[in-house]
Structures are given as C-alpha cells and as structure tokens.
Amino acid sequence: AEHLWIRWVNHIYIKNKQLTDYEPSRNSSWTWRQICKVKNRLKEGYLSGELEWQNRCYNTIRVYKWLMRERFNVPWHAAVWNRINTPKHAFVGWLYAQNRLLTKDRLYRYGVALNDTCKLCGNNGENREHIFFGCEYSIQCLNLLGDWLGTKIPSMDVLNWCIKKRMKLQFQKQFIMAIVFILIYHIWKVRNKSRIDMLIPLPHIMIKEVKADLKARMSK
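Described in the following lines is the structure provided in the data block. (Residues numbered from 1 in each chain as written. Predicted model: local features only at pLDDT ≥ 70, side-chain atom pairs only at ≥ 80, totals over all residues. Heavy atoms only, no water.)

### Topic: the side chain of Gln-174
And step 1. With respect to the secondary-structure elements, Gln-174 resides in helix H10 (residues 170–197).
And step 2. Here the side chain of Gln-174 touches Arg-83 through a polar contact of 3.3 Å, side chain to side chain.
And step 3. Residue contacts for Gln-174: discarding those within four places in its chain leaves Asn-82, Arg-83 and Ile-84. (Helix = DSSP H or I, 4+ residues; strand = E, 2+ residues; numbered from the N terminus. Polar contact = N/O pair within 3.5 Å; in protein donor to acceptor, adjacent residues only side chain to side chain. Contact = heavy atoms within 4.5 Å.)

As structure tokens, then:
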C-alpha cells in the first residue's frame with residue numbers, strides 16, 4: 001500500500017500525470033518546487049547516463065553522493081562550525097557569514113522598517129558591514145575585547161581575520177574564533193532588543209556578558 005504522503009501528493013499535485021514529465025505550477029509550495037527541482041536533476045542524470053540503475057534498484061547513498069558532487073567548501077566553515085561555539089552562536093554566525101541577517105537596510109527595502117538608521121549609534125544606515133564592525137558602538141566593544149585578549153582585532157572584515165589568523169595551537173585559534181562569534185551574537189541580540197525597549201548596555205557591560213557566555217561554555 002502507498003504511504004499516506006504519496007497518496008496526498010498524487011491527489012493534490014500530480015493528479016494521475018507521469019512524475020517524470022510533471023512540472024509544478026507557480027502556486028505550488030516552495031518545498032514542493034524544490035523537490036521537483038531535485039527530481040529534474042535526477043531525471044537528467046539518468047538520461048545522460050551519469051546515474052545508472054544497478055539491477056533496476058534505487059540506491060539512496062549512490063544518488064545522494066551524485067547530487068552532492070556539486071558541493072563546495074566555504075572559507076568560513078571552520079570559524080562558524082567551530083567545536084567551541086554553542087548552537088545559538090554558530091547559527092547567528094552562519095547567517096552573518098552568508099550576509100543573511102535581516103538588517104534594517106533589507107527591512108527598509110521590503111517595506112517593513114520605516115527607515116534604515118542604526119539603533120546602536122543613530123548615525124548611519126544599518127547593514128552587516130556597519131554593525132560588524134563599522135558602528136561606533138560595536139567598534140568600542142571589539143576594542144575592549146581585543147584589549148582583554150591582548151591582541152588587535154581589526155574592525156574591517158573580522159571573519160577573514162579569524163580565518164587567516166595564525167596561532168601556535170589549534171585550540172587557541174578556536175578560542176579566538178569562538179569569542180569573536182559570541183560578540184557577534186551579543187551585538188545582534190542587543191540590536192534586536194534596542195528596537196523594542198530602547199535600552200543599549202554600555203560596551204563594557206556587553207563585554208562582561210561575552211565573558212560570562214564564554215566561561216559558561218568552557219565549563220561544560
């Protein structure tokens with residue numbers, strides 16, 4: 001017997017058509033359109049001979065490896081998925097690395113925000129480069145963090161600095177990357193809270209929170 005989901009898909013979308021020739025309508029959900037894109041890639045693979053049936057059986061592992069052949073490494077993966085990072089820091093860092101944070105310049109373009117002015121400094125338009133670290137507030141936080149670590153952290157292209165910084169021990173590099181991403185997380189958190197309660201902690205208070213987060217993580 002067919003699974004309920006398969007019966008539902010046939011009834012709602014395919015409607016007795018051949019799956020190999022089926023194309024989703026514009027009204028179809030995003031998820032279903034993505035599934036159909038994968039279906040079309042598999043169809044091309046089999047028709048071109050790149051994918052071959054083995055005893056007329058579908059092999060999930062073989063197909064997955066074929067689909068993933070187009071994957072590529074990104075330079076920031078070690079910084080974002082650093083083993084010292086907690087999930088929440090890694091997630092915000094991942095969005096930051098891909099420039100996918102919903103900064104006010106984007107919200108303004110979407111018509112969600114009334115303006116794109118940075119809440120942290122009130123002087124410039126808010127985008128990723130401004131918040132991390134072109135804003136006067138975030139620069140002060142970064143400098144305080146650098147003073148505590150005993151190193152100069154450049155305000156421009158912090159992610160690239162984390163990636164290229166050389167340390168004697170791998171753990172030292174992971175430690176530096178983790179604490180920079182904790183700072184990124186807290187600045188983004190303060191930025192979000194400032195839109196609601198209008199309260200922005202002083203930079204030295206922010207760094208105390210960063211240190212507390214790091215201490216809690218290292219004690220686990």
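### What about a positive patch on the surface?
And step 1. A contiguous patch of positive charge on the surface is contributed by Lys-88, Lys-189, Lys-193 and Lys-220.
And step 2. Note on placement: Lys-88 falls in helix H5 (residues 87–97). (Patch = residues over 30% accessible without salt bridge, like charges linked within 9 Å, V, L, I, M, F, W, Y side chains within 5 Å. Areas by Shrake-Rupley, 256 points an atom, 1.4 Å probe, with all protein chains shown as cover. Salt bridge = Lys/Arg side-chain N within 4 Å of Asp/Glu carboxyl O. Lys, Arg positive; Asp, Glu negative; His and termini not counted. Charge placed at Lys NZ, Arg CZ, Asp CG, Glu CD.)

### Some points on a nonpolar patch on the surface
And step 1. A cluster of nonpolar side chains, namely Trp-5, Ile-6, Trp-8, Ile-12 and Ile-35, defines an oily patch on the protein surface of about 470 Å² accessible area.
And step 2. Positionally, Ile-12 belongs in helix H1 (residues 4–14).

### Observations concerning the pattern of salt bridges
And step 1. Summed over the entire model, instances satisfying the criterion amount to four salt bridges.
And step 2. A salt bridge links Arg-128 to Glu-129; the nearest nitrogen and oxygen atoms lie 3.3 Å apart.

### Structural notes on the packing of helix H8 (residues 136–149) against helix H11 (residues 203–218)
And step 1. At a minimum axis separation of 9 Å, H8 and H11 run at an interaxial angle of 50 degrees. Here H8 is positioned oblique relative to H11, judged by the angle of their axes. Considering only the axes of H8 and H11, their crossing is right-handed. Contacts between H8 and H11 involve Tyr-137, Gln-140, Cys-141, Leu-144, Leu-145 and Trp-148 from the former and Pro-203, His-204, Met-206, Ile-207, Val-210, Lys-211 and Leu-214 from the latter.
And step 2. Classifying every residue of the contact of H8 with H11 by side-chain character gives ten nonpolar, two polar and one charged. (Axes fitted to C-alpha atoms, helices over the stretch in contact; angles between N-to-C directions. Parallel < 35°, antiparallel > 145°, perpendicular 65-115°, else oblique. Left-handed = near helix turned anticlockwise from the far one by under 90°. Nonpolar A, V, L, I, M, F, W, Y, C, P; charged D, E, K, R; others polar.)

### Some words on helix H2 (residues 30–48)
And step 1. With 19 residues, H2 should cover 27 Å at 1.5 Å per step; its first-to-last C-alpha distance of 27 Å lies within 8% of that length.
And step 2. All of the buried residues in H2 are Trp-32, Cys-36, Lys-39, Asn-40, Leu-42 and Gly-45.
And step 3. Where H2 is buried, its residues contact H1 and helix H3 (60–67).
And step 4. Just downstream of H2, Gly-49 is the residue with a positive phi angle, here 90 degrees. (Expected span 1.5 Å × (residues − 1). Buried < 20%, exposed > 50% of the residue type's maximum accessible area, 1.4 Å probe, protein only.)

### Looking at the packing of H8 against H10
And step 1. Contact geometry of H8 with H10 gives a least axis separation of 11 Å together with a crossing angle of 150 degrees. The orientation of H8 with respect to H10, classified from their angle, is roughly antiparallel. You can see that H8 and H10 cross each other, and the crossing is right-handed. Here H8 contributes Tyr-137, Ser-138, Cys-141, Leu-142, Leu-145, Trp-148 and Leu-149 to the contact with H10, which in turn contributes Phe-175, Ile-176, Ile-179, Val-180, Leu-183, Ile-187 and Val-190.
And step 2. Within the contact of H8 with H10, the residues separate by chemical class into 13 nonpolar, one polar and no charged.

### Quick word on the packing of aromatic side chains
And step 1. Scanning all chains against the criterion turns up eight aromatic pairs.
And step 2. Where Phe-132 meets Phe-133, the ring centres are 5.7 Å apart and the plane angle is 75 degrees; that geometry is what we call edge-to-face. Here Phe-132 and Phe-133 have matching classes, each one buried.
And step 3. Among the aromatic residues, those joined into a ring-pair cluster are Trp-8, Tyr-13, Tyr-22 and Trp-32.
And step 4. The ring centre of Tyr-96 lies 5.0 Å from the NZ or CZ of Arg-128, which sits over that ring. (Phe/Tyr/Trp six-rings, centres within 6.5 Å; stacked < 30°, edge-to-face > 60°. Lys NZ or Arg CZ within 6 Å of the ring centre and 35° of its normal.)

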